[in-house]
Amino acid sequence: MKNVRFVIKCILALLPVLAVVLYTAVVPFGYMDSEFPAWKYTKDTVCDSSANTVILGDSRAMADLIPEMFEVNTVNLSVGGATSIEMYYTLKKYIENNGQPENVIIMFAPFHYSVIDNFWTRTAYFNYLSVKDMTDLYSYAEATGSETLLCKGYKNDLLSYRLRFPDKYLPALMNSKIVGRYNENVETYKQIKENLGYGEFGTADGCSDLNYETSYEEMHTTADAVLLDLYLNKLLKLCVDNKINTTLAIPPMNQSSYEALNPSYVDELHFYFVGLSHNYPGIIINDEIPMYEDMYFGDSSHLNHSGAVKFTEEFIHFLLSIS
């Protein structure tokens, strides 16, 4: 009898934790931050889409290319903070569920070719990758020695995120007062869906602040950079193997940032793209960094809407000129 009572007490003690875990898993819109709806949209769209052209990349690609301006059916699956890691699995799952698209446009901020900055706060926190994909990723992370993915206590962290344990999500639940972000996140998701994945990050009528790349003297050569290079090659090979017309390009920078770039960093980025061109002669690889006046930027890194319209028009013209 005492054992039964003990078990009942244990179950009752765990009920609040189980309730938090269940709510965390079932109602993420209630507490997640404003980045979550875009990741949710991309995760939903790869399961059911008939797009002719798919845009892959990070926040700059998401904010800089407007799908509805393309003449063919286009969807933007870029998300803030993404790298070649997330976009490889995004395209892989897209192909598995929908077949290969005719065209793929890949566009990352230059620093995302060698820096992993949002894996734990986005990819892991949002449970973007399946258990199978995460297992696959960690086999490569261990082989390369990725500093970010193999941080101290990473196995416990991965388990906590996957099982939605309170130690990872309780702060957000408290800050949002459980459901405080629900309406805002639902509306953001709706807007992103209506815009086929396009979403603004900066909304100012101009910005002369300097972007991340202006602080770099060279491309990083860490184990993280090795892992990103490995996944970029996996992504490009996936496109080649599926006979997808593929374009790899760099998003625009504001004039202030462009003029402040370290020449050695630009040279290393150029030679990196030259190497990719040699390895993938069938892919259109453009290492030119477009420079736009500061007035077209909503913040230091992202085009505002008028800038996105201008860049999308010019990018479509570029694609037509080489087709």
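Residues numbered from 1 in each chain as written. Predicted model: local features only at pLDDT ≥ 70, side-chain atom pairs only at ≥ 80, totals over all residues. Heavy atoms only, no water.

A.B. asks: Give a description of the sheet that holds strand β2 (residues 74-76) that names residues and reports values.
C.D. replies: With parallel pairing, the 5 strands of this open sheet are ordered in space as β2-β1-β3-β4-β6. The sheet is open, and its two borders are formed by β2 and β6 (284-285), each paired with just one other strand. Two strands pair when backbone bridges link them, and strand β4 (residues 245-249) and β6 are joined in this way by 2 bridges, in the parallel orientation. For L248, the partnering residue across the bridge sits in β6 and is I285. Strand contacts of helix α4 (residues 84-98): β1 (53-57) and β3 (103-107), with the helix running at about 155° to β1, the strand carrying the most contacts. (Pairing = 2+ DSSP bridges. Helix = DSSP H or I, 4+ residues; strand = E, 2+ residues; numbered from the N terminus. Contact = heavy atoms within 4.5 Å. Axes fitted to C-alpha atoms, helices over the stretch in contact; angles between N-to-C directions.)

A.B. asks: Hey, could you go over the packing of aromatic side chains for me, with residue numbers and the actual values?
C.D. replies: On inspection of all chains with the given rule, the structure shows 30 aromatic pairs. With 5.0 Å between their ring centres and 70° between their planes, Y88 and Y89 make a pair best called edge-to-face. Using a relative accessible area of 3% as the deciding quantity, one classes Y89 as buried. Across the ring face of Y231, the terminal group of K234 is positioned such that the distance to the ring centre comes to 5.7 Å. (Phe/Tyr/Trp six-rings, centres within 6.5 Å; stacked < 30°, edge-to-face > 60°. Buried < 20%, exposed > 50% of the residue type's maximum accessible area, 1.4 Å probe, protein only. Lys NZ or Arg CZ within 6 Å of the ring centre and 35° of its normal.)

A.B. asks: A description of the packing of α4 against helix α10 (residues 223-241) should follow, citing residues and the corresponding values.
C.D. replies: Packing of α4 against α10 leaves a shortest axis separation of 8 Å and a crossing angle of 25°. By the criterion of interaxial angle, the relationship of α4 to α10 is roughly parallel. Every pair of crossing elements has a handedness; the one defined by α4 and α10 is left-handed. Between α4, through S84, I85, M87, Y88, Y89, L91, K92 and I95, and α10, the contact on the second element is made entirely by L227, L228, Y231, L232, K234, L235, L238 and C239. In terms of residue class, the contact of α4 with α10 is built from 13 nonpolar, 1 polar and 2 charged. (Parallel < 35°, antiparallel > 145°, perpendicular 65-115°, else oblique. Left-handed = near helix turned anticlockwise from the far one by under 90°. Nonpolar A, V, L, I, M, F, W, Y, C, P; charged D, E, K, R; others polar.)

A.B. asks: Please give an account of the nonpolar core that cites residues and values.
C.D. replies: Counting residues in hydrophobic clusters, the biggest one holds 76 residues, and the most contacted among them are Y113, F119, L137 and Y138. Apart from residues lying up to four places away in sequence, Y138 is in contact with F119, W120, L149, L150, Y154 and L158. Core analysis: the next-biggest nonpolar cluster, separate from the first, contains 15 residues, A61, L65, F70 and F297 among them. (Core = buried A, V, L, I, M, F, W, Y, C linked by side-chain atoms within 4.5 Å.)

A.B. asks: Provide a residue-level description of the side chain of N118, including the pertinent values.
C.D. replies: You can see N118 is positioned in the loop between β3 and α5 (119-124). Here N118 is in contact with G81 and T123, once residues within four sequence places are set aside.

A.B. asks: Lay out a negative patch on the surface with the relevant residues and their values.
C.D. replies: On the surface, a cluster of negative charge is contributed by E217, E218, D267 and E268. Of note, D267 is situated in helix α12 (residues 263-279). (Patch = residues over 30% accessible without salt bridge, like charges linked within 9 Å, V, L, I, M, F, W, Y side chains within 5 Å. Areas by Shrake-Rupley, 256 points an atom, 1.4 Å probe, with all protein chains shown as cover. Salt bridge = Lys/Arg side-chain N within 4 Å of Asp/Glu carboxyl O. Lys, Arg positive; Asp, Glu negative; His and termini not counted. Charge placed at Lys NZ, Arg CZ, Asp CG, Glu CD.)

A.B. asks: Quick rundown of the environment of A249? Include the residues and the values.
C.D. replies: For A249, the position within the fold is in strand β4. The exposure class assigned to A249 is buried, which follows from its relative accessible area of 4%. In the structure, A249 is positioned 37 residues away from N286 in sequence and 5.0 Å away in space, judged by C-alpha atoms. Those residues in contact with A249 that lie beyond four places of it in its chain are I106, M107, F108, Y113, N286 and F315.

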